[in-house]
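Structure assessment
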Amino acid sequence: SSRARKKNSIQQTLMNKLSSASEMAHATAILDYQLQWVDKGVEYLTDNKDFCVVGVIGGQGVGKSTIASMLAGARPTGARRSYMFWPQSRDVRENGVNQTYGVYMAVSTERYIFLDTQPLLSHSLLDNIMYGDRSFMSEHLSPDTQIEIQSLQLLTFLMSVCHVLVVISDGSVDPALPALLKTAEMLKPPALDNATREEHLPHILFVYNFSNRSDFTQEQEHRDTLKLLMKHTKMVEKEVMAYWLPDNKLPVRGATPPPPQYLQYQGHASFQHCFEQLRNKVFSLPRGNLAAHPLTEKTWFHLAARVWDSLQKSQQLIEFGRLLQT
């Protein structure tokens, strides 16, 4: 029938669009070590309009890259070398530095675009700036102010180009992140394509990684605290979306698992169950309009490049930095 032929034609057109993109085994940088834009990522994108951008951000060593890889499809029990985003290695962790510099992008087969960022307010990056390796702004700003402004740049960037923003901490509620989010919302520039349209803000999901039994026991108290910290912001409309994840302790290779009678209830569900709830929520959230007109994956990429360029030149952020030092 004509309806069946039309359906097959639409499916073939979609498959042609998707097959035009390069296959992605690991994430690629869109902001490099010096936070300069990298155009290579566009080769992994298509003219498809049915896509969703998910940003992952948080402090140092909280599991951002691991969770981003799992959202992109990696199994919680899978080998780390198969992850889209490189997780923190033992050497990196023991040296007190961060694994990710800049912003990395990965694209799943379901056309979800995941962005993994360097840590916010990182003491490792602060150390680099103090020794002259990563100074990126005015020399009149102190190193700690530069790190805060850099973190605000990354946050405002993700707020402008993401449908969903996953904010990760370890354990209990950290007041610094909600405060930084609210400041970034205040400093977020208007849309580049149409300054008169309604301001875009992503869905915010708070994730507390490496949570222990007491964190799960006090989950409601943590939610109430988070709700107070996120008052007077448009990012949280009705209910704060927060998820707690226990430590994902992988079994030792070759070790014999304990018999069932020795398995004890840990005071919370398994990591796999908790993560599945988070993943289902991320994938079920509605996608707001990032621009006044529908975007393809490629036009989104070019818009993101323009947003970052405007943030690098933002006098508002520079003036805010100077205000922090007064």
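Residue positions are given per chain, counted from 1 along the sequence in the order it is written. With the structure being a predicted model, the display of local features is reserved for residues of pLDDT at least 70 and the display and counting of side-chain atom pairs for 80 or more, all residues being used for whole-chain, interface and lining totals. The side-chain numbers reported here are obtained from all heavy atoms of the structure, hydrogens and water having been left aside.

Remarks on the overall build of the protein chain
- Think of it this way: any DSSP run of H or I at least four residues long counts as a helix, any run of E at least two long counts as a strand, and we number them from the N terminus. Each helix and strand counted, the protein chain has 11 helices and seven strands in total.
- Per-residue burial over the protein chain gives 48% buried out of 326 residues.
- Accessible surface for the protein chain amounts to roughly 17300 Å². Of this, 50% is attributable to carbon and sulfur atoms. Note on exposure labels: buried denotes an accessible area under 20% of the residue type's maximum, exposed denotes more than 50%, and partly exposed covers the range between, all computed with a 1.4 Å probe on protein chains only. Surface accessibility follows the Shrake-Rupley procedure with a 1.4 Å probe radius. Residue values consider only the protein chains on display as shielding.

Describing the environment of L121
- Relative to the helices and strands, L121 is located in the loop between β4 (112-117) and α4 (123-130).
- Sequence-wise, L121 and A176 are 55 residues apart; in three dimensions their C-alpha atoms are separated by 9.4 Å.
- Residues are treated as being in contact if the distance between any of their heavy atoms lies within 4.5 Å. In contact with L121, other than residues within four places in its own chain, are I147, E148, S151 and L180.

Observations concerning the pattern of salt bridges
- Salt bridges are identified by distance alone: a Lys or Arg side-chain nitrogen within 4 Å of an Asp or Glu carboxyl oxygen. Using the criterion set out here, one finds five salt bridges in the structure.
- A salt bridge links K313 to D309; the shortest N-O distance between them is 3.1 Å.
- R322 serves as the salt-bridge partner of E319, at 2.8 Å between the closest nitrogen and oxygen. Of this pair, E319 and R322 both sit in helix α11 (residues 315-325), three residues apart, which is roughly one turn of that helix.
- Accessibility expressed as a relative area gives 42% for E319, which makes it partly exposed.

Observations concerning the sheet that holds strand β6 (residues 203-211)
- Across the sheet, which stays open at both edges, the seven strands sit in the order β1-β3-β4-β2-β5-β6-β7 with mixed pairing between neighbours. Both edges of this open sheet fall to β1 (28-31) and β7 (241-246), since each of them pairs with a single strand only. Shown here is a sheet whose adjacent strand axes are inclined to one another by a mean of 25°, direction ignored. Should DSSP find at least two bridges between two strands, the strands are taken to pair. Axes here refer to lines fitted to C-alpha atoms; in helices the fit is confined to the stretch in contact. Angles between the N-to-C directions go from 0 to 180 degrees.

Details of the nonpolar core
- In terms of nonpolar packing, the biggest core is built from 87 residues, with M105, L115, F206 and W300 touching the most fellow members.
- Ranked by residue count, the leading element in this core is helix α5 (residues 143-161), at eight residues.
- Setting aside its immediate chain neighbours within four residues, F206 contacts V167, L181, L226, M230, V240, M241, A242 and Y243. As used in this record, nonpolar core signifies buried Ala, Val, Leu, Ile, Met, Phe, Trp, Tyr and Cys residues forming a set joined through side-chain atoms within 4.5 Å.

What about the packing of α5 against helix α10 (residues 297-312)?
- Between α5 and α10, the least distance of the axes is 10 Å, while the angle of their chain directions is 150°. Relative to α10, the element α5 lies roughly antiparallel. Classified by chirality, the crossing of α10 by α5 is right-handed. Listed contacts from α10 to Q153, L154, T156, F157, S160 and V161 of α5 are W300, A304, V307, W308, L311 and Q312.
- Lys, Arg, Asp and Glu make up the charged group, whereas Ala, Val, Leu, Ile, Met, Phe, Trp, Tyr, Cys and Pro make up the nonpolar group; the residues left over, Gly among them, are polar. Within the contact of α5 with α10, the residues separate by chemical class into eight nonpolar, four polar and no charged. With respect to orientation, any angle under 35 degrees is reported as roughly parallel, any angle over 145 as roughly antiparallel, any angle of 65 to 115 as roughly perpendicular, and every other angle as oblique. Two helices that cross are described as forming a left-handed crossing if the nearer one is turned anticlockwise from the farther one by less than a right angle, and a right-handed crossing if clockwise.

Points about the side chain of N248
- Along the chain, the position of N248 falls in the loop between β7 and α9 (271-284).
- Relative accessible area serves as the criterion here: at 13%, N248 is assigned to the buried category.
- In the analysis that follows, any N or O atom pair within 3.5 Å is treated as a polar contact, provided that within protein one partner can donate a hydrogen and the other can accept it, and provided that, for residues neighboring in sequence, both atoms belong to side chains. From its side chain, N248 meets the backbone oxygen of P76 in a polar contact 3.0 Å long.
- Here N248 is in contact with M70, P76 and F271, once residues within four sequence places are set aside.

Some details on the confidence of the model for the protein chain
- What pLDDT conveys is the predictor's confidence in a given residue, as a value from 0 to 100. Predicted confidence across the protein chain gives a mean pLDDT of 83, with 81% of residues reaching 70 or more.
- Under a pLDDT of 50 for its full length, residues 14-20 has, in the predicted model, eight contacts with residues more than four places off or in other chains.

Comments concerning helix α6 (residues 176-187)
- Counted at 1.5 Å a residue, the expected span for α6 with its 12 residues is 16 Å, and the 17 Å between its end C-alpha atoms agrees.
- Along α6, the residues that are buried comprise L177, P178, L180, L181, T183, A184, E185 and L187.
- Elements in contact with the buried residues of α6: α5, β5 (164-170), β6, α8 (219-229) and α11. Expected span of a helix, by definition, is 1.5 Å for each gap between consecutive residues, and there is one gap fewer than residues.

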